Amino acid sequence: MTIAVRSLPNESAGFPEVKSPSLVANDALRLAAAQTFRDVRVHTEKLAAPLSAEDQVIQSMPDASPTKWHRAHTTWFFEQFLLIPQRSEYRVFDSRFAYLFNSYYVAAGPRHERPKRGLITRPDLAEVAAYRAHVDAAVDNLLANCASDRLAEVLRILEIGLNHEQQHQELMLTDILHALAQNPCMPAYDESWRSPGAGAASVSESRFPDAPRPGRRAKPAGDERFVELPEEVRTIGHSGGGFSFDNEGPPHRVLVGPVRVTRALVTNGEWLAFMRDGGYDSPSLWLSDGWATASAENWRAPGYWREIDGAWHAMTLGGLRPIDSAVPVCHVSYYEADAFARWSGGHLPCEAEWEAAAGTGELDDAFGVVWQWTRGAYAPYPGFRATAGALGEYNGKFMVNQMVLRGSSFATPVGHARLTYRNFFYPPARWQFTGLRLAESSV
Ligand SMILES: [Fe+2]
């Protein structure tokens, strides 16, 4: 197994286990880990590069964080969880940064209020860049010089830190899109950005070189619209080698089917049909909480959509663009996805249905276009135990009141997601790159 950040969605981006006491093998591991670390850190900076200092400070809502904060927080993560425990001679860059850039780790100490991250004008961008360089050098040094009997633990924490930074890379894009959408001029993050699913060149060559090129598989003869899943007890959840987050396990058996899952993602055109059919005016289609939210927020269309001279447009990373009916719908909440599914006569797949269907390899755009809402509540799998220590706060303590999304989006770093990956957000959330596919009982 090679160490690679760039890999197919179902492959792990993780490190090999440290099994061999051979110094040669360990030296190769150290070098490969250092290269992967550099690749991930450089990609973060590449995503931030088009943004001005003003862009990088703004916080447009409590859920969205400033770019500068993302760059510093991911750096603090390595400092807090890797360098301080593993390198006795390490000196923190600035003792005040732990308070500013700790997100939610109670065990790691007090922290700044999340909704006020946009009020932090200092440290400025240059200081944050220096902070990143300081930590980068220290991690390089640690990888080169840590004792062999500590290498496995160093790599374990490093791998979590890299996957953590990749999650924030996607958040940098969702959060800056929300910020730029507040500007009446609707400026582009990247003028060359194109909608995922809009064709072979749908993703900017310059900004997202590693993103998969969404493409439709050739439809098999016969059953064209669905992947059929007969009634069967199946094992879901992560097992075997490679990296996974703790919330993806343990693997366990679940009764699935009979059910069929749509091969295709729901498109803008289908969503327009839902709108024209009064989808946003029909309380019978909606969950009670969903109807209350849609009414209070006056939802008439997906997030970022606006009607201009009778034509629907949407704010995107490329600026304001006309809606393309053929591409998958994006920026819909769980509440909207659920209402759409009821209108269509189907339902959102549960997690096991999604995982079983995607496991066949026959779904279109399971990865790399939009995250897909499931009707699975974000709860622990049977036998789940959070990781020990402060890192146990990473996933486990959020296992209430949220819904699981599967797959990945165009903004997810390639190699980060996998078949068992469980993303999760609150039901009203619309600023992530979220869409849906449908399922229906085939009894
Ligand atoms: Fe984080």
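Refer to the structure printed above.
Residues numbered from 1 in each chain as written. Predicted model: local features only at pLDDT ≥ 70, side-chain atom pairs only at ≥ 80, totals over all residues. Heavy atoms only, no water.

**Student:** Even after reading the chapter, I still don't get the overall build of the protein, so can you show me in this structure?
**Tutor:** Tallying secondary structure elements over the protein gives 10 helices and 12 strands in all. Relative to its 443 residues, the protein shows a buried fraction of 55%. For the protein, contacts bridging at least 24 residues in sequence account for 77% of all contacts bridging at least 6. Carbon and sulfur atoms make up 53% of the accessible area of the protein, which totals about 18,800 Å². (Helix = DSSP H or I, 4+ residues; strand = E, 2+ residues; numbered from the N terminus. Buried < 20%, exposed > 50% of the residue type's maximum accessible area, 1.4 Å probe, protein only. Contact = heavy atoms within 4.5 Å. Areas by Shrake-Rupley, 256 points an atom, 1.4 Å probe, with all protein chains shown as cover.)

**Student:** I tried to follow the packing of aromatic side chains on my own but got confused; where do I start?
**Tutor:** Aromatic ring pairs are defined here through the distance separating the ring centres and the angle between the ring planes. Throughout the structure, instances matching the rule amount to 33 aromatic pairs. Relative to phenylalanine 245, the ring of phenylalanine 243 lies with its centre 5.1 Å away and its plane at 80°, an arrangement referred to as edge-to-face. In this arrangement the basic side chain of arginine 260 is found over the ring face of phenylalanine 226, its NZ or CZ atom lying 4.9 Å from the centre. One residue, arginine 422, lies across the ring of tyrosine 381, its end atom 4.0 Å from the ring centre. (Phe/Tyr/Trp six-rings, centres within 6.5 Å; stacked < 30°, edge-to-face > 60°. Lys NZ or Arg CZ within 6 Å of the ring centre and 35° of its normal.)

**Student:** Looking at this structure, how should I read the coordination of the iron ion?
**Tutor:** Metal coordination angles in their ideal form are 109.5 degrees for the four-donor tetrahedron and 90 or 180 degrees for the six-donor octahedron. Coordination of the iron ion by the protein involves His73 (NE2), His164 (NE2) and His168 (NE2), with metal-donor separations of 2.1 to 2.2 Å. Along the chain, the residues donating to the iron ion are arranged with the sequence spacing H-x90-H-x3-H. Of this pair, histidine 73 sits in helix H3 (residues 67-86) while histidine 164 sits in helix H6 (residues 151-181); the two residues are 91 residues apart in sequence, bridging distant segments of the chain. Judged by relative accessible area, histidine 164 falls into the buried class, the value being 3%. (Donors = N, O, S within 2.8 Å, 3.2 Å for Na, K, Ca; no water.)

**Student:** Explanation requested: the environment of methionine 275 in the structure shown.
**Tutor:** Mapped onto the elements of the fold, methionine 275 is located in helix H7 (residues 268-276). Sequence-wise, methionine 275 and proline 302 are 27 residues apart; in three dimensions their C-alpha atoms are separated by 9.8 Å. If we skip the residues at most four places from it in the chain, methionine 275 touches Tyr280, Arg300, Ala301, Pro302, Trp305 and Trp312.

**Student:** Just checking my understanding: could you explain the pattern of salt bridges for this structure?
**Tutor:** Two side chains that carry opposite charge are able to pair once their charged atoms sit near each other. Going through the model one piece at a time under the given rule, you end up with 22 salt bridges. Of the charged contacts, one joins glutamate 248 and arginine 418 as a salt bridge, the two residues approaching to 2.8 Å between their closest N and O atoms. Pair noted here: glutamate 248 is in the loop between strand E2 (232-236) and strand E3 (252-256) and arginine 418 is in the loop between strand E9 (403-406) and strand E10 (423-425), with a separation of 170 residues, a long-range link. Classification of glutamate 248 as buried rests on a relative accessible area of 0%. Notably, a salt bridge pairs glutamate 355 with arginine 406, separated by 2.9 Å at the nearest N-O pair. Residue glutamate 355 is located in helix H10 (residues 351-359), and its partner arginine 406 is located in strand E9; the two are separated by 51 residues in the primary sequence. Arginine 406 shares its class with glutamate 355; the two are buried. (Salt bridge = Lys/Arg side-chain N within 4 Å of Asp/Glu carboxyl O.)

**Student:** Sorry if this is basic, but what is going on with the side chain of arginine 41 here?
**Tutor:** If you trace the backbone, arginine 41 turns up in helix H1 (residues 23-48). Arginine 41 gets classed as buried once you look at its relative accessible area, which sits at 2%. Arginine 41 has contacts with Thr74, Thr75, Phe78, Arg132, Val135, Asp136 and Glu165, leaving out every residue within four places of it along the chain.

**Student:** Just to check I follow, could you spell out the sheet that holds strand E7 (residues 319-322) for this structure?
**Tutor:** Across a sheet, paired strands are connected by hydrogen bonds in the backbone, their directions being either parallel or antiparallel. Strand order across the open sheet formed by three strands is E5-E6-E7, with antiparallel pairing between neighbours. On the outer flanks of this sheet lie strand E5 (305-308) and E7, each paired with one strand and no other. Going across the sheet, the axis of each strand differs from the next one's by a mean of 35°, ignoring polarity. As defined by bridge partners, E5 adjoins strand E6 (residues 311-316) across four bridges and the pair is classed as antiparallel. Bridge assignment links tryptophan 305 to a residue of E6, and that residue is alanine 314. (Pairing = 2+ DSSP bridges. Axes fitted to C-alpha atoms, helices over the stretch in contact; angles between N-to-C directions.)

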